[in-house]
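# Fold and geometry: a report
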Amino acid sequence: MNHIIRKQGVINFHRSGQAIVSHRFELPSGMACCKISELIDAVRAYVAEQPQDYVRVEAAFIVEPRYQLALLNVQIDVLSAHNRNEDGLICIAKSNLFLFVHAYLQASGVEYTRAPYPPLRVSPELHATLGRAMGVPPPASPSSGAFRNRC
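Here is a short report on the structure shown in this document.

### Let's talk about the overall build of the protein chain
What the protein chain contains, in helices and strands, is 4 helices and 3 strands. Listing the helices and strands of the protein chain from first to last along the sequence gives α-β-α-β-β-α-α. Excluding contacts between residues fewer than 6 apart, the proportion of contacts in the protein chain whose partners are at least 24 apart in sequence is 71%.

Quick look at the structure:
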């Protein structure tokens, strides 16, 4: 058994110190840039007012925009005032921050408008069949030359 433990890294969470806690928020992609900046500033102010839970905001950035769903993912990394072994306190602080952001978004009038379905993709054959049935000419194909001299 000792030979297995020697090959693995063991972390003592009691001596590890404070944890950086990541928070991800989904925001509508139509939200104005100034509103996103205001939200991040509001989170910084909230963190400054909660010294029992947080030390400071380490980073805030947009990750992985999902324009098909009309969403932006904003990640805010916060240095926790709790040690890594205090999972319960970290979860409570994280939940409180999520509630603050939710209340802030409601107060600022941000509405989520998600597309209920992914975009519909139709094969060219089906498009031509439906177009003939409705009297719409078929779209030009890229090889027909209609796309070459557009610019």
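### Let's talk about the pattern of salt bridges
Two side chains that carry opposite charge are able to pair once their charged atoms sit near each other. Using the criterion set out here, one finds 3 salt bridges in the structure. A salt bridge links Arg24 to Glu64; the shortest N-O distance between them is 3.8 Å. Residue Arg24 is located in strand β1 (residues 18-28), and its partner Glu64 is located in strand β2 (residues 54-66); the two are separated by 40 residues in the primary sequence. Overall, the relative accessible area of 44% leaves Arg24 in the partly exposed class. Its relative accessible area of 47% is what places Glu64 among the partly exposed residues. Glu58 is the salt-bridge partner of Arg56, the closest N and O atoms lying 2.7 Å from each other. Its relative accessible area of 43% is what places Arg56 among the partly exposed residues.

### Re helix α3 (residues 87-107)
In this model α3 runs 30 Å from its N-terminal to its C-terminal C-alpha over 21 residues, within 8% of the 30 Å that 1.5 Å per residue would give. Along α3, the residues that are buried comprise Ile90, Ala93, Leu97, Val101 and Leu105. Along α3, the residues classed as buried sweep out an arc of 115° about the axis, all on the same side. Along α3, the residues that are exposed and aim more than 90 degrees away from the buried face are Cys91, Ile92, Leu99, Gln106 and Ala107.

### Concerning the nonpolar core
Within the largest apolar cluster, 20 residues are counted, with the highest numbers of intra-cluster contacts made by Leu27, Ile36, Val43, Tyr54, Ile76, Val78 and Leu105. Going through the elements one at a time, β1, α2 (33-48), β2, β3 (71-83) and α3 are the ones with two or more residues in this core. Counting residues per element, this core draws most heavily on α2, which supplies 6 residues.

### A few points about the packing of aromatic side chains
Applying the stated criterion to the full structure yields 3 aromatic pairs. Judged by centre distance (5.2 Å) and plane angle (70°), the ring pair of Phe25 and Phe98 falls under edge-to-face. Of the two residues, Phe25 is situated in strand β1 and Phe98 in helix α3; the sequence distance between them amounts to 73 residues. Between the aromatic rings of Tyr46 and Phe100, the centroid separation amounts to 4.6 Å while the plane-to-plane angle is 15°, which identifies the pairing as stacked. Of this pair, Tyr46 sits in helix α2 while Phe100 sits in helix α3, placing them 54 residues apart in sequence. Accessibility expressed as a relative area gives 25% for Phe100, which makes it partly exposed. By way of ring pairs, the aromatic residues Tyr46, Phe100 and Tyr104 are connected into one cluster.

Calculation criteria
Residues numbered from 1 in each chain as written. Predicted model: local features only at pLDDT ≥ 70, side-chain atom pairs only at ≥ 80, totals over all residues. Heavy atoms only, no water. Helix = DSSP H or I, 4+ residues; strand = E, 2+ residues; numbered from the N terminus. Contact = heavy atoms within 4.5 Å. Salt bridge = Lys/Arg side-chain N within 4 Å of Asp/Glu carboxyl O. Buried < 20%, exposed > 50% of the residue type's maximum accessible area, 1.4 Å probe, protein only. Expected span 1.5 Å × (residues − 1). Arc of directions from axis to C-beta. Core = buried A, V, L, I, M, F, W, Y, C linked by side-chain atoms within 4.5 Å. Phe/Tyr/Trp six-rings, centres within 6.5 Å; stacked < 30°, edge-to-face > 60°.

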